[in-house]
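# Structural features, examined
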Amino acid sequence: MDLITPNVGLVFWTGLVFVILLVLLTKFAWKPILGMINKREQDIAEALELAKKTRAEMAALQSQNEALLKEAKAERDAIVKDAREVATKMVEEAKSKAKAEADKMIEDARTAIQTEKNAAMADVKSQIADLAVEIAEKIVRTAISDDSKQQELAAKLAGELNLN
Amino acid sequence: MIELRKMRPILLGAALMLSSFLTFAGGNHETEEFNVTETIMHHIKDAHEWHIAEINGKHITFYLPIILVDNGVKIFSSEVFYHGEEKTYTDHEGNTISYIAGTGKGEGYAMFHEKIYKLDENGELAFEHDHPTNAKPWDFSMTRNVIATLLGALVVLLLVIPTANFFRKNGAVAPKGMAKFVEPLILHVRDDIAKANIDEHKYKKYVPFLLTLFFFIWVNNMIGLIPVMGSNLTGSISLTFVLAVLALLATLFSANKNYWKHIFATPGVPIPLLIIMVPIEIIGIFTKPFSLMVRLFANITAGHIIIIALVSIIFINKNMGWAGLSVPMALFISVLELLVAYLQAYLFTMLTALYIGGAVEEAHH
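Residues numbered from 1 in each chain as written. Chains lettered and ligands numbered in written order. Predicted model: local features only at pLDDT ≥ 70, side-chain atom pairs only at ≥ 80, totals over all residues. Heavy atoms only, no water.

## What about the overall build of chain A?
Looking only at helices and strands, one finds two helices and zero strands in chain A. Its C-alpha radius of gyration of 63 Å places chain A more than 25% over the 15 Å reference for a compact globule of 164 residues. Dimensions of chain A along its principal axes, counting C-alpha atoms only, are 195 × 30 × 15 Å. Taking all 164 residues of chain A together, 12% fall into the buried category. Accessible area for chain A stands at about 13,100 Å²; split by element, carbon and sulfur atoms hold 63% of it. (Helix = DSSP H or I, 4+ residues; strand = E, 2+ residues; numbered from the N terminus. Rg over C-alpha atoms; globule rule 2.2 N^0.38 Å. Buried < 20%, exposed > 50% of the residue type's maximum accessible area, 1.4 Å probe, protein only. Areas by Shrake-Rupley, 256 points an atom, 1.4 Å probe, with all protein chains shown as cover.)

What follows is the structure, encoded as structure tokens:
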């Protein structure tokens, strides 16, 4: 029976020891330990949060960099394209200008030739007229006897003359 | 190899237990018949001496101080009883009961089955149905269990104070050394016991109490398993009574309106039924800590009884050959008791947290 009956002396001493232990540990052990563990947990949570934030920032920065790079590339492409266009245009212009010049020169040459030719022709005509007059004079001198025949001949000769 | 190294303390413990037992029981064997019940009862009950071992007929015993409150405080060594004057009493059926009367400072007192009585005017104890009828002084002796309590408290301090110092010195860093061992247990109590059972906003207040409870019970359970110690503190109803009362007080002092309302006017219960319900609920307040008290006491005491009984097989049969059966079984139970030591500490603490949690819970309908 005394196995299951609490003993006053033992209850007193164990109770006293336990309460003293509770007070001592609470003051000198549990509070500081739990405080530090809490602080550490907070630190870890904060560090994780910071890491997460930093990672997000890094990702944002990277995408920004990529966008910048892309923009720069597009700009470069545009510049190159423009330059190419300008160059092509310039070449085209130069070509057409040269062609126009050449055409003009040819035209000029042609005009000059025509003029020369006309002048030459006029010269030839005047020489032919002189020759014709000379021929006519000779014919007139030879066949002046008959007036009708003279005229006929004159007409015939004139007709035959082809002014080129 | 690692597994074997881990097992070493357990094996060593078992060997120590057996060796101490062999000498102890061997001494008995020469003089008197081996009595299992007596051996077991001697172990699981409290005593005024601390008997460590008997080697070649020589006892290694610490005589603990006796403190009696009987018209003033009287302090003397328990040696006056263990080496006192043996007296006998013959009852009317002719049975002889022997007890020991104190000498020297213990004059006027006698010890019978580790209980101290005042001698009557003839300097004798009077018995009725094998129990002395004499008056008893208030016995506040530093018994084996009191010394074990102090030792247990010291071990808890040795575990926890270095941990506190570590954190004080190093700040909020990852634990090292002793702190590395103790911190997981602290977190276990805080998260799995306190936070799991008590309202999230209120649990913090109870963590120190629950931590002390857990460490005190666990450490004392473990000390009880050290063979040469031979103490059975957590298997003592006095200690479990103290702890259960503290658990009850913690519950009652933290109880809110909602808790009392559920006891005296359970919502949704018709009034005629309350006549039956209220007494049951009031009894329920006390049965919870009562179950705590009995559970810890019974589990630890049972473990000690089983181990001693199994080892006693050898001495009952007076044949070393029985060791082949008794030692493996005792070893198995000893290892099991290591688990039980933790499990009972966890259960006691967890259920205390559960009761506190029930007392501080807010109404949610």
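## Concerning the interface of chain A and chain B
Contacts between chain A and chain B engage 33 residues on the former and 53 residues on the latter. It is L3, F18 and W30 of chain A in chain A that bury the most area against chain B; as a group they hold 20% of the surface buried on that side. Along the contact surface separating chain A from chain B lie two salt bridges. One can count eight residue pairs in polar contact (both at pLDDT 80 or more) joining chain A with chain B. By residue class, the composition of the side of chain A that touches chain B is 21 nonpolar, seven polar and five charged. (Contact = heavy atoms within 4.5 Å. Buried area = accessible area lost by both parts, 1.4 Å probe. Salt bridge = Lys/Arg side-chain N within 4 Å of Asp/Glu carboxyl O. Polar contact = N/O pair within 3.5 Å; in protein donor to acceptor, adjacent residues only side chain to side chain. Nonpolar A, V, L, I, M, F, W, Y, C, P; charged D, E, K, R; others polar.)

## Structural notes on the packing of helix 7 (residues 237-254) of chain B against helix 9 (residues 271-317) of chain B
Residues and elements named next belong to chain B. Put simply, helix 7 and helix 9 touch, their axes get as near as 8 Å, and they point 150 degrees apart. The orientation of helix 7 with respect to helix 9, classified from their angle, is roughly antiparallel. The hand of the helix 7/helix 9 crossing is right-handed. Across the interface between the two elements, I237, T240, F241, L243, A244, A247, L248 and L252 from helix 7 touch I285, F286, P289, L292, M293, L296 and F297 from helix 9. (Axes fitted to C-alpha atoms, helices over the stretch in contact; angles between N-to-C directions. Parallel < 35°, antiparallel > 145°, perpendicular 65-115°, else oblique. Left-handed = near helix turned anticlockwise from the far one by under 90°.)

## Description of the sheet that holds strand 11 (residues 138-139) of chain B
Residues and elements named next belong to chain B. Judged by pairing direction, the sheet is antiparallel, and its three strands sit side by side in the order 4-3-11 without closing on themselves. Of all the strands in the sheet, just strand 4 (73-77) and strand 11 have a single pairing partner and so form its edges. Bridge analysis of strand 3 (residues 65-69) against strand 4 gives five bridges, and the strand direction is antiparallel. Following the sheet pairing, P65 is matched in strand 4 by S77. (Pairing = 2+ DSSP bridges.)

## Let's talk about the sheet that holds strand 7 (residues 109-112) of chain B
Sheet strands pair by backbone hydrogen bonding; their relative direction is either parallel or antiparallel. Residues and elements named next belong to chain B. Pairing is antiparallel across the open sheet formed by four strands, whose spatial order is 5-6-7-8. The open sheet terminates on both sides in strands that have one partner only, identified here as strand 5 (85-90) and strand 8 (115-118). Sheet twist, expressed as the average angle between the axes of neighbouring strands with direction ignored, equals 40 degrees.

## A few points about the pattern of salt bridges
What the rule picks out here adds up to nine salt bridges over all chains. The partner of K39 of chain A in a salt bridge is D43 of chain A, with the nearest N and O atoms 3.8 Å apart. Residue K39 of chain A and its partner D43 of chain A are both found in helix 1 (residues 8-142); the two are separated by four residues, about one turn of the helix. For the salt bridge of D77 of chain A with R76 of chain A, the shortest nitrogen-to-oxygen distance reads 3.4 Å. Each member of the salt-bridge network shares a partner with another, and the members are E41 of chain A together with R190, D191 and K195 of chain B.

## Focus: the nonpolar core
Core analysis: the biggest nonpolar cluster contains 63 residues, and V160, I186, F209, L210, F215 and L243 of chain B have the highest contact counts within it. Where this core is concerned, the elements lending two or more residues are helix 1 of chain A together with helix 4 (144-170), helix 5 (178-197), helix 6 (207-225), helix 7, helix 9 and helix 10 (323-360) of chain B. No other element matches helix 6 of chain B, which puts 12 residues into this core. Once residues lying within four places of it in the same chain are set aside, the contact partners of L210 of chain B are V189, I193, A194, I198, T349, T352 and A353 of chain B. (Core = buried A, V, L, I, M, F, W, Y, C linked by side-chain atoms within 4.5 Å.)

## Let's talk about the packing of aromatic side chains
Residue and element names in this part refer to chain B. Taken as a whole, this structure holds 18 aromatic pairs over all chains when the rule is applied. A centroid spacing of 5.1 Å and a plane angle of 40 degrees characterise the contact between Y89 and F127, whose relative ring orientation is tilted. With Y89 in strand 5 and F127 in strand 9 (residues 127-128), this residue pair connects regions lying 38 residues apart in the sequence. Note on Y99 and F127: the rings are 5.8 Å apart at their centroids and 45 degrees apart in plane angle, and the pair reads as tilted. On the criterion of sequence distance, the pair formed by Y99 in strand 6 (residues 96-101) and F127 in strand 9 is long-range, its members being 28 residues apart. Exposure remark for F127: the relative accessible area of 9% places this residue in the buried category. (Phe/Tyr/Trp six-rings, centres within 6.5 Å; stacked < 30°, edge-to-face > 60°.)

## Examining the side chain of N197 of chain B
All names here are of chain B. For N197, the location among the structural elements is in helix 5. There is a polar contact of 2.9 Å between the side chain of N197 and the backbone oxygen of I193. Discounting residues that sit within four places of it in the chain, N197 has contacts with D192, M350, A353, L354 and G357.

## Some remarks on the domain arrangement of chain B
Annotation of chain B at the domain level lists domain 1 (65-139) and domain 2 (144-360). Computed over C-alpha atoms only, the centres of domain 1 of chain B and domain 2 of chain B are separated by 35 Å. (Domains from an automatic or database assignment.)

## Observations concerning a nonpolar patch on the surface
A contiguous nonpolar surface patch, about 490 Å² in accessible area, is contributed by V8 of chain A together with V69, V73, I75 and W138 of chain B. Mapped onto the elements, W138 of chain B comes out in strand 11. For W138 of chain B, a relative accessible area of 52% corresponds to the exposed category. (Patch = residues over 30% accessible without salt bridge, like charges linked within 9 Å, V, L, I, M, F, W, Y side chains within 5 Å.)

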